Amino acid sequence: MRATAGTRARRGPGLRVRLTLLATGLVAAVSAVLLWLGWMLVGEVAASLPTLPPQTPVLVDGVAVPAGEIAAALGHSARTEVLQVGSVAFALVVAAAAMVSWVLTGHVLRPVHEVTATARRLSAESLDERIDLEGPRDEVAELADTFDAMLDRLQAAFDAQRRFVANASHELRTPLAVLRTEIDVTLADPDADVAELRRMAGVLRDATRRAEGLVEGLLLLARTEAADHRSAAGDERVDLDLAARGALDAVRAEVEGRRLRVDVSHGADGAAGETALVVGDAALLERVVGNLVENAVRHNVEGGWLSVTTRRVLEGAPEHADREHPRVELVVGSSGPELDPERVPDLFEPFRRGADRVGTGSGLGLSIVRAVVRSHGGTVAAEPVPGGGLSVRVLLPAAPEDQVSGSLNTGVTVPT
């Protein structure tokens, strides 16, 4: 069983102790080498003294020493003195090195302790605290800055999660409030007849349908964002051109009711091929196309226009195009109210409908589109249309050349 962070046992001495021992050991080794060199040099110097006549009396520490042995006696005495004095100096130098190393490593590691103390104090309610380390831009400062950047990302994620939960609660509260109000009003009317009960049942059905659609959208968004690219994307082949035409057929009644002009085109780069075939999860990819088409219709204006374009493209300049990894482009544009270009990226956030947009959707359509596209290794971007409206561009990896023909799961056969 793994120990938790608070109960995990230390594996050996701490970093400050290890650095102190390392510095002290280096000083001790250098001091020992210097002491040995001094001991050797003193002996050599004593041996190189000039010789005296053999019968010359010499007193060394009150003892008469033959002149022939004076060099050896002086060398032994000098080396003994060096060892005595050097041993004391060695001990003092090592002790001083240990104390200085301990103090200096503590000073150097102080920012690391600040990082640790900040991490221990942090919780979901105090993510706004930062280290803001001052001083030279060294490795420790880089660590502190990296930690601060990680806290910025965590705080942004927690804030987004709080907004998501708050918005989801608000969206779910509306149909629930409708349900309770209708039931309370009907129960409070003792003369309610069959017609009134049937009217109430219709309102309840619409409210539950809206709540059910919202819950399904939330579950789909959560599953897609939690899955990585390998687990989210399947191996089914989907023609985005056919999916777009199918999505338009599903909203044909709304298109005719709003008197929208529809333009569907399927183009291609001459060197890239003619199909808009991609590989992935067919249900999710069809949801992407369906959401974009539904948004384009429901957030449109009376008598406006709608365009859907699919094509297989090569990214990069013509002379540097990546011909081994073509992509399929899906562009859905429509007329509509004027949009602030700075607020367009916010439309991909959950429950962001935009103050200038009309419609009664749940606000999850573009969020689901972004999550699904990312899980399939693609990109999605939006930009306002001059004069009013929105254009959304999706890029997905194209199916390999050996898969551009065959039958799709929808039962439609791709021409060879």
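All of these numbers come straight from a predicted model, not from anything done at the bench.

(A) Region of interest: the overall build of the protein chain. The helix and strand tally for the protein chain stands at 10 helices and 11 strands. Per element, the accessible surface of the protein chain, about 25,400 Å² overall, is 59% carbon and sulfur.

(B) Fine view of the pattern of salt bridges. Following the criterion strictly, the structure yields 11 salt bridges and no others. Between Arg-199 and Glu-182 there is a salt bridge; the shortest N-O distance is 2.9 Å. Placement of the pair is Arg-199 in helix 5 (residues 194–226) and Glu-182 in helix 4 (residues 139–188), with a sequence separation of 17 residues. Its relative accessible area of 36% is what places Arg-199 among the partly exposed residues. What makes Glu-182 buried here is its relative accessible area of 15%. Between Arg-205 and Asp-206 there is a salt bridge, and its shortest N-O distance comes to 3.9 Å. The network of salt bridges with shared partners includes Glu-182, Glu-196 and Arg-199.

(C) Seen up close, the pairing of strand 8 (residues 379–384). Here 6 bridges tie strand 8 to strand 9 (residues 390–397), and the two strands are oriented antiparallel to one another. Counted as the bridge partner of Ala-382 is Val-392 from strand 9. Connecting strand 8 to the antiparallel partner strand 9 that follows it, the hairpin turn spans 5 residues, and Gly-387 within it adopts a positive phi of roughly 95°.

(D) Quick peek at the environment of Leu-179. Looking at where Leu-179 falls in the secondary structure, it is placed in helix 4. Classification of Leu-179 as buried rests on a relative accessible area of 18%. Counting along the chain gives 21 residues from Leu-179 to Met-200, while the straight-line C-alpha distance between them is 9.0 Å. Ignoring anything within four residues of it in the chain, the contact list for Leu-179 reads Leu-204, Ala-207 and Thr-208.

(E) Layout of the nonpolar core. Formed by 45 residues in total, the largest nonpolar core has its most connected members in Leu-240, Val-289, Leu-292 and Leu-330. When residues of this core are traced back to their parent elements, those giving at least two are helix 5, helix 7 (240–250), helix 9 (282–298), strand 6 (305–313), strand 7 (327–334), helix 10 (365–375) and strand 9. The element that contributes the greatest number of residues to this core is helix 9, accounting for 9 residues. With 9 residues, the next largest nonpolar core counts Ile-131, Val-140, Phe-147 and Leu-151 among its residues.

(F) Representation of the side chain of Thr-105 within the structure. Within the secondary structure, Thr-105 sits in helix 2 (residues 70–108). There is a polar contact of 2.6 Å between the side chain of Thr-105 and the backbone oxygen of Ser-101. At 3.1 Å, the side chain of Thr-105 forms a polar contact with the backbone oxygen of Trp-102. Ignoring sequence-local partners within four residues, the contact set of Thr-105 consists of Arg-16, Leu-19 and Thr-20.

(G) Structural detail: unusual backbone geometry. At Arg-259, a residue that is not glycine, the phi angle is positive and equals roughly 55°. Tracing the chain through its elements places Arg-259 in the loop between helix 8 (252–258) and strand 4 (261–268).

(H) Here's a closer look at the confidence of the model for the protein chain. Summing up the model confidence of the protein chain, the mean pLDDT is 76 and the portion of residues at 70 or higher is 74%. Every residue in residues 355–359 is under pLDDT 50, and counting partners more than four places away or in other chains gives 16 contacts.

(I) Region of interest: the side chain of Arg-312. Take Arg-312: it is sitting in strand 6. One polar contact links the side chain of Arg-312 to the main-chain carbonyl oxygen of Ala-399, over a distance of 3.1 Å.

(J) Seen up close, a nonpolar patch on the surface. Together, Val-30, Val-33, Leu-34, Trp-36 and Leu-37 give the surface a local cluster of nonpolar side chains, amounting to about 490 Å² of exposed area. Structurally, Val-30 can be placed in helix 1 (residues 15–47).

(K) Local environment of the environment of Glu-196. Looking at the element boundaries, Glu-196 is found in helix 5. Of the residues examined, Glu-196 reaches a relative accessible area of 23% and is grouped as partly exposed. A C-alpha to C-alpha distance of 7.7 Å links Glu-196 and Thr-186, two positions 10 residues apart in sequence.

(L) The packing of helix 9 against helix 10, seen in detail. It is at 9 Å that the axes of helix 9 and helix 10 come closest, and there the two elements cross at 145°. The handedness of the crossing between helix 9 and helix 10 comes out as left-handed. When helix 9 is examined against helix 10, the residues Leu-284, Leu-285, Arg-287, Val-288, Asn-291, Leu-292 and Asn-295 are found in contact with a partner set consisting of Gly-365, Leu-366, Ile-368, Val-369, Val-372 and Val-373. Each residue belonging to the contact of helix 9 with helix 10 can be placed in one class, and the counts come to 9 nonpolar, 3 polar and 1 charged.

Procedures and definitions
- Residues numbered from 1 in each chain as written.
- Predicted model: local features only at pLDDT ≥ 70, side-chain atom pairs only at ≥ 80, totals over all residues.
- Heavy atoms only, no water.
- Helix = DSSP H or I, 4+ residues; strand = E, 2+ residues; numbered from the N terminus.
- Areas by Shrake-Rupley, 256 points an atom, 1.4 Å probe, with all protein chains shown as cover.
- Salt bridge = Lys/Arg side-chain N within 4 Å of Asp/Glu carboxyl O.
- Buried < 20%, exposed > 50% of the residue type's maximum accessible area, 1.4 Å probe, protein only.
- Pairing = 2+ DSSP bridges.
- Contact = heavy atoms within 4.5 Å.
- Core = buried A, V, L, I, M, F, W, Y, C linked by side-chain atoms within 4.5 Å.
- Polar contact = N/O pair within 3.5 Å; in protein donor to acceptor, adjacent residues only side chain to side chain.
- pLDDT = per-residue confidence, 0-100.
- Patch = residues over 30% accessible without salt bridge, like charges linked within 9 Å, V, L, I, M, F, W, Y side chains within 5 Å.
- Axes fitted to C-alpha atoms, helices over the stretch in contact; angles between N-to-C directions.
- Left-handed = near helix turned anticlockwise from the far one by under 90°.
- Nonpolar A, V, L, I, M, F, W, Y, C, P; charged D, E, K, R; others polar.

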